[in-house]
Amino acid sequence: MSSPVAVPDTIGAAIDPRTRNNVAESEKLSDSVRAVDRALEILLAFTPGDDELSAGELLKRVQLSRPTLYRLLNTLEQNGFVVSVGEPQRFRLGPSVARLAHVWTATQDIGAVAQPMMQRLRERTGETVALFIPQGLHRVCVAELPSNQPLSFKRGVGYSERIVVGASGRAILAHIPFGDRTLQDYAADMKVDLRGYPKELEAIRQRGYATSRDELLQGAVAIAAPYFNGSGEVAGSIAVFGPSARIHAPEVEAIGKLLVEEAKALSKALGQR
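Worth saying up front: this structure is predicted, and the values here are computed from it rather than measured.

**Section: the side chain of Arg139**
Reasoning step 1: As for its placement among the helices and strands, Arg139 is situated in strand S5 (residues 138-145).
Reasoning step 2: One buried charged side chain, Arg139, makes no salt bridge at all; its nearest oppositely charged neighbour is Glu161, positioned 5.3 Å away.
Reasoning step 3: For Arg139, the side chain forms a polar contact with the main-chain oxygen of Arg162, separated by 2.5 Å.
Reasoning step 4: Reaching out from Arg139, the side chain makes a polar contact with the side chain of Ser168 at a distance of 2.9 Å.

**Points about the sheet that holds S5**
Reasoning step 1: Strand order in the open sheet made by the 6 strands is S6-S5-S4-S9-S8-S7, with antiparallel pairing throughout. The two strands at the open ends of the sheet, each matched to only one other strand, are strand S6 (160-162) and strand S7 (210-213). Strand-to-strand, the axes of this sheet are offset by a mean angle of 30°, without reference to chain direction.
Reasoning step 2: Relative to S6, S5 runs antiparallel, the two sharing 3 bridges. Paired with Val140 across the strands is Ser160, a residue of S6.
Reasoning step 3: In this fold helix H10 (residues 249-269) packs onto strand S4 (128-135), S7, strand S8 (220-228) and strand S9 (234-243), with an angle of close to 25° to the strand it touches most, S8.

**A few points about helix H6 (residues 110-125)**
Reasoning step 1: With 16 residues, H6 should cover 22 Å at 1.5 Å per step; its first-to-last C-alpha distance of 22 Å lies within 8% of that length.
Reasoning step 2: Largest kink in H6: about 40°, centred on Pro116.
Reasoning step 3: Those residues of H6 that fall on the buried side of the exposure criterion are Gly111, Val113, Ala114, Met117, Met118, Leu121 and Thr125.
Reasoning step 4: One or two steps after H6, the chain reaches Gly126, where phi turns positive at roughly 75°.

**A word on the environment of Ala269**
Reasoning step 1: Along the chain, Ala269 turns up in helix H10.
Reasoning step 2: Along the chain, Ala269 and Gly230 lie 39 residues apart, while their C-alpha atoms are 8.9 Å from each other.

**Brief notes about the sheet that holds strand S1 (residues 53-54)**
Reasoning step 1: Read across the sheet, 3 strands follow the order S1-S3-S2 without closing on themselves; strand pairing throughout is antiparallel. The sheet is open, and its two edges are formed by S1 and strand S2 (82-85), each paired on a single side.
Reasoning step 2: Relative to strand S3 (residues 90-93), S2 runs antiparallel, the two sharing 4 bridges. Its bridge partner being in S3, Ser84 is matched across the sheet by Phe91.
Reasoning step 3: Sheet strands touched by helix H4 (residues 66-78): S2 and S3. Its angle to S2, the strand with the most contacts, is close to 110°.

**Let's talk about the nonpolar core**
Reasoning step 1: Judged by nonpolar contacts, the single largest core of 28 residues is most densely connected at Phe132, Val164, Leu173, Ile176, Leu201 and Phe241.
Reasoning step 2: Residue assignment for this core shows that the elements contributing at least two residues are S4, helix H7 (167-173), helix H8 (183-186), helix H9 (197-207), S8 and S9.
Reasoning step 3: Dropping the residues within four chain positions of it, Val164 is found in contact with Arg170, Leu173, Tyr186, Ala187, Met190, Val192 and Tyr197.

**Brief notes about the packing of aromatic side chains**
Reasoning step 1: Across all of its chains, the model carries 1 aromatic pair by this definition.
Reasoning step 2: The cationic tip of Arg139 hangs over the ring face of Phe132; the distance from NZ or CZ to the ring centre is 5.6 Å.
Reasoning step 3: Of note, Arg207 hangs over the ring of Tyr209, and the distance from its end group to the ring centre comes to 5.2 Å.

Each value, and the rule that gives it
- Residues numbered from 1 in each chain as written.
- Predicted model: local features only at pLDDT ≥ 70, side-chain atom pairs only at ≥ 80, totals over all residues.
- Heavy atoms only, no water.
- Helix = DSSP H or I, 4+ residues; strand = E, 2+ residues; numbered from the N terminus.
- Buried < 20%, exposed > 50% of the residue type's maximum accessible area, 1.4 Å probe, protein only.
- Lys, Arg positive; Asp, Glu negative; His and termini not counted.
- Salt bridge = Lys/Arg side-chain N within 4 Å of Asp/Glu carboxyl O.
- Polar contact = N/O pair within 3.5 Å; in protein donor to acceptor, adjacent residues only side chain to side chain.
- Pairing = 2+ DSSP bridges.
- Axes fitted to C-alpha atoms, helices over the stretch in contact; angles between N-to-C directions.
- Contact = heavy atoms within 4.5 Å.
- Expected span 1.5 Å × (residues − 1).
- Bend = angle between axes of the 7 residues up to and from the residue.
- Core = buried A, V, L, I, M, F, W, Y, C linked by side-chain atoms within 4.5 Å.
- Phe/Tyr/Trp six-rings, centres within 6.5 Å; stacked < 30°, edge-to-face > 60°.
- Lys NZ or Arg CZ within 6 Å of the ring centre and 35° of its normal.

Structure follows, in C-alpha cells:
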C-alpha cells in the first residue's frame, strides 16, 4: 500500500505578499474616500435657512448611522469645519468653512465664470449678451459679448445705470429685499411711475426674467434674468440686447427661457444649491 501523498498548501502560497498589500491599501483608500464623501454630505446639509442642526436633523438629511455621524462630526469639529453649540447639542458650520469661502470669493472673476453661459447665449441668439452686478442704487456691466450682426446694440463694460430702470435692473431689483430702503429710494430723482411697479416685480419673479422695449434706447429690446450666489442672494443679471426689428414677442419668450436656463447654470457655478 502506497504512502499518502502530501499536497502542498498552494492556496495561500499562490497569493503574492505584494498583492495582499496592494489589496489592503486599495481597501483602506476606498474607506477614506467614503469617509470624505460622507463628511462633505454633512457640510452640504447646512443651508442659509438651517444654519444650526441637531444630530437627529442631520440624520434625516444624510444616510449615516448615528455612531458614524458622531465620529465624522468629531473629526470635522477638530478641524474647525463645524462647531457644537447649546444644550441640547446643535451643530453649525465653523471658521474653516468661512476661510475657504473667503479664499474662493477673493479669487472669483465673475466675468470669467460667466463666459461659457454668455457664449452659449450669443451663439443661440446671435445678439449682444451682457453681465451686470448691483452696486447700491445702480447696476454695472462687468462683461459683454457684442453681437456680430451689423445692426446691434452694445453697452460696454463699465456702463452703469440706475437699477430701477431697464430689464437688467428690474431682474435684480425683483429679488432684492428692500429692508431699510423702499421702492421710492430706488426711484429717487427718476421719472418712474411706481403705481404698477410692485406687480411688475412680482411678474418678473413668477416668469423668471424681465423685459423692456424702447425704454432706454429707441428701437432696442432687452431681456434679462437674475443669477444668485451661494447664499441664495441675487448677485446680478445676465441680459440679451437686440433690435426690435429682429426680436418680436415669440423671440422674447424663447430668449427669456434660454436666459433662465443659463442664469441657473451661472448660479450653480457660484455655489447656489
